[in-house]
Amino acid sequence: MKEPFQKALGIIRQLKKHGYEAYFVGGAVRDLLLKRNIGDVDIATSALPHEVMQLFPKTIDIGSQHGTVVVIHDGIPYEVTTFRADGNYEDHRRPESVTFVRSLYEDLKRRDFTMNAIAMDEAGKLIDPFGGQDAITNRMICTVGDPKERFSEDALRMMRAIRFVSQLGFSLDEETKQAIIENAPLLAHISVERMTMEFEKLLEGPFASRALSLLVETRLFFYLPMLCEKENELQTAACYDWRKLDSRGQRWGFLCHILRVDSPVRFLRAWKLPNRIIKEVETVLRIVQTTHSDSDWTKERLFAFGLEHAIAAETVRSVANGENVDERRKKLRELFMSLPIKTKSELAVRGHDIMKWFGKPGGPWVKEILELIERAVIHGEVENHKERIHEWLIHRNLIRGENC
Ligand SMILES: Nc1ccn([C@@H]2O[C@H](COP(=O)(O)OP(=O)(O)OP(=O)(O)O)[C@@H](O)[C@H]2O)c(=O)n1
Ligand SMILES: [Mg+2]
């Protein structure tokens, strides 16, 4: 058995020793069959939450009313969830009530897609009542049972379907796709935070272009923050190679750029992104708007923006223009390496040196002189060395020698 499962076996054994059923379930089993990197290993059991808590010394109650207890085993947290058949979903996002059941079959039946409804026992035997393995072999995303029911239980599942297309390159089963088209308006019930999580995974996947096309085709885009008027632009966005964009800032920056978003800050706030990302995207877009070819990159500009923002902006610009991203990144890195200082803090003189040399009290002029020196150091006019800088200032008649 693969390591992540092996490590969690102790939990399954402990539950079984006390007469309960316990299985590995969900994404980890799917990813094992897909030979993908295995993420969190989740466990489903017939034991009730309080019974789980009694059996393990270290547990965290993260939602026992919904059946989930975290068990810390050998320092690793695992979600252990009681088999459940969800009750009525009044608001299309969470069950009104959950009914704990003692049967694995009932538990698998309420899951979203057949590939996610496979259980594995402690011996590695698969329990797959809904044809999940066939779906994986045929590379299909298909709901467990009636897609309309599954999507009206939790409308986010429609976004999940399309983000799995992006991550796995699978196709949407036709009936599943039709049900998304019919039920797309239900997405309006879902919180922005949950939509953003799925949308970010979608943009990050190797098949993001295909997934973006599907967002348009299924009309789901209409219910996503500030995208309802961007149908044509989204269709255009689907024509680009998103795989070259390799950070959140790059992806959101590229999206704003391609969608011709008027106010990126308002757009990104609507998606409830952290301020850190909003600020990064703002800077990246400012650079993109003022860079027209890679010869626009001077040492001074690169120093001012820093390598990370420069690379992000060049990536956005070259993916949008269909140019060679790697080539541009390489050039930027080389130019950055040639800078005698990479940050302001590396400058060999400080404000107090300047005040002493000029024999004047501080003021805005100190910053101006420091910037003058900084430019000279960056261009190699003077070595980044205190005495050399002092000599340079004397040479330029900015100060007299005796103030040293
Ligand atoms: N809206 C949802 C979310 C989850 N699940 C079920 O809960 C499992 C675990 O959910 P989660 O960790 O959110 O998704 P994964 O499928 O594991 O995907 P990822 O690899 O991204 O974690 C899923 O496999 C699926 O069986 C579901 O039925 N409906
Ligand atoms: Mg998971």
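Every chain's residues receive numbers from 1 upward, in the order its sequence appears when written. Going through the entries in the order they are written, you letter the chains from A and number the ligands from 1. Note on the predicted model: pLDDT of at least 70 is required for a residue's local features to be given, and 80 or more for side-chain atom pairs to be given and counted; whole-chain, interface and lining totals, by contrast, use all residues. In computing side-chain values, all of the structure's heavy atoms are included and hydrogens and water are not.

## Here we look at the domain arrangement of the protein chain
Marked domain ranges trace back to an automatic or database domain assignment. If you check the domain split of the protein chain, you get domain 1 (1–138), domain 2 (139–239), domain 3 (240–339) and domain 4 (344–403). Centre-to-centre separation of domain 1 and domain 4, based on C-alpha positions: 65 Å.

## Things to note about unusual backbone geometry
The backbone of Arg139 shows a phi angle near 55°, a positive value even though the residue is not glycine. Note on placement: Arg139 falls in the loop between helix H5 (132–137) and strand S10 (140–141). Of note, Arg219 is a non-glycine position whose phi angle comes to about 70°, a positive value. Where helices and strands are cited, they refer to DSSP runs of H or I of at least four residues and of E of at least two residues respectively, numbered from the N terminus. With respect to the element layout, Arg219 can be found in the loop between helix H10 (208–217) and helix H11 (231–237).

## Side note on the packing of helix H19 (residues 364–378) against helix H20 (residues 386–395)
Here an angle of 0 to 180 degrees is reported between the N-to-C directions of two axes, which are lines fitted to C-alpha atoms, with helices fitted over the stretch in contact. For the pair H19 and H20, interaxial distance at closest approach is 12 Å and the crossing angle is 110°. It follows from the interaxial angle that H19 and H20 lie roughly perpendicular. Contact with H19, carried on its side by Leu372, Ile373, Ala376 and Val377, involves Ile389, Trp392 and Leu393 of H20 and no other residues of that element. A class-by-class count of the residues in the contact of H19 with H20 yields 7 nonpolar, no polar and no charged. Note on angle classes: values under 35 degrees are labelled roughly parallel, values over 145 roughly antiparallel, values of 65 to 115 roughly perpendicular, and the remainder oblique. Residues count as neighbours in contact if any of their non-hydrogen atoms are within 4.5 Å of one another. Basically, the charged four are Asp, Glu, Lys and Arg, the nonpolar ten are Ala, Val, Leu, Ile, Met, Phe, Trp, Tyr, Cys and Pro, and anything else, Gly included, counts as polar.

## Quick look at the layout of surface pockets
The rule is simple: put a 1 Å grid over the protein atoms alone, call a set of points where a 1.4 Å probe fits but cannot get out a cavity, call an open set with protein on both sides within 12 Å along at least five of seven lines a pocket, and count a residue as lining if it has an atom within 4 Å of a point. Grid points are joined across faces, edges and corners, and a volume is the space filled by probe spheres set on the points. Estimated volume of the largest pocket: approximately 1,500 Å³. Along its surface, the largest pocket is lined by 40 residues, and Asp42, Glu79, Arg111, Asp112 and Arg160 are the ones closest to its centre. At the level of secondary structure, the elements contributing two or more residues to the lining of the largest pocket comprise helix H2 (27–33), strand S2 (42–45), strand S3 (59–63), strand S5 (76–82), strand S6 (84–86), helix H7 (156–168) and helix H9 (192–204). Tallied by class, the residues present in the lining of the largest pocket amount to 9 nonpolar, 11 polar and 20 charged. Summarising the domain contributions, the lining of the largest pocket has at least three residues from each of domain 1 (1–138) and domain 2 (139–239). Every residue lining the second largest pocket is listed: Glu3, Pro4, Lys7, Gly39, Asp40, Val41, Asp42, Val70, Ile76, Pro77, Tyr78 and Glu79. Going through the elements one at a time, helix H1 (3–17) and S5 are the ones with two or more residues in the lining of the second largest pocket.

## Structural notes on the site of ligand 1
Looking at ligand 1, the residues that line it are Gly26, Gly27, Arg30, Arg111, Asp112, Asn116, Asp154, Arg157, Arg160, Arg163, Phe164 and Lys201. One of the backbone N or O atoms of Gly27 is found 3.3 Å from an oxygen atom in ligand 1. Polar contact is defined as a pair of N or O atoms within 3.5 Å, subject to the rule that within protein one atom must be able to donate a hydrogen and the other to accept it, and that residues adjacent in sequence are counted only when both atoms are side-chain atoms. Arg30 places a side-chain nitrogen or oxygen 2.8 Å from an oxygen atom of ligand 1. Accessibility throughout is a Shrake-Rupley quantity obtained with a 1.4 Å probe, and a residue counts as covered only by protein chains that appear here. Isolated, ligand 1 exposes 560 Å² of accessible area, and the fraction of that covered by the protein chains is 71%. More than half of a molecule's atoms lying within 2 Å of a cavity's or pocket's grid points is what places that molecule inside it. If you map ligand 1 onto the pockets, it falls in the largest pocket. Of all elements in the fold, only H2 and H7 reach the threshold of two or more residues within the shell around ligand 1. Considering each element in turn, the shell around ligand 1 owes the most residues, 4 residues, to H7. Taken together, the residues of the shell around ligand 1 sort by class into 1 nonpolar, 3 polar and 8 charged. Both domain 1 (1–138) and domain 2 (139–239) contribute no fewer than three residues apiece to the shell around ligand 1. For this purpose, a residue is taken to be near a molecule or strand whenever a single non-hydrogen atom of the residue falls within 4 Å of it.

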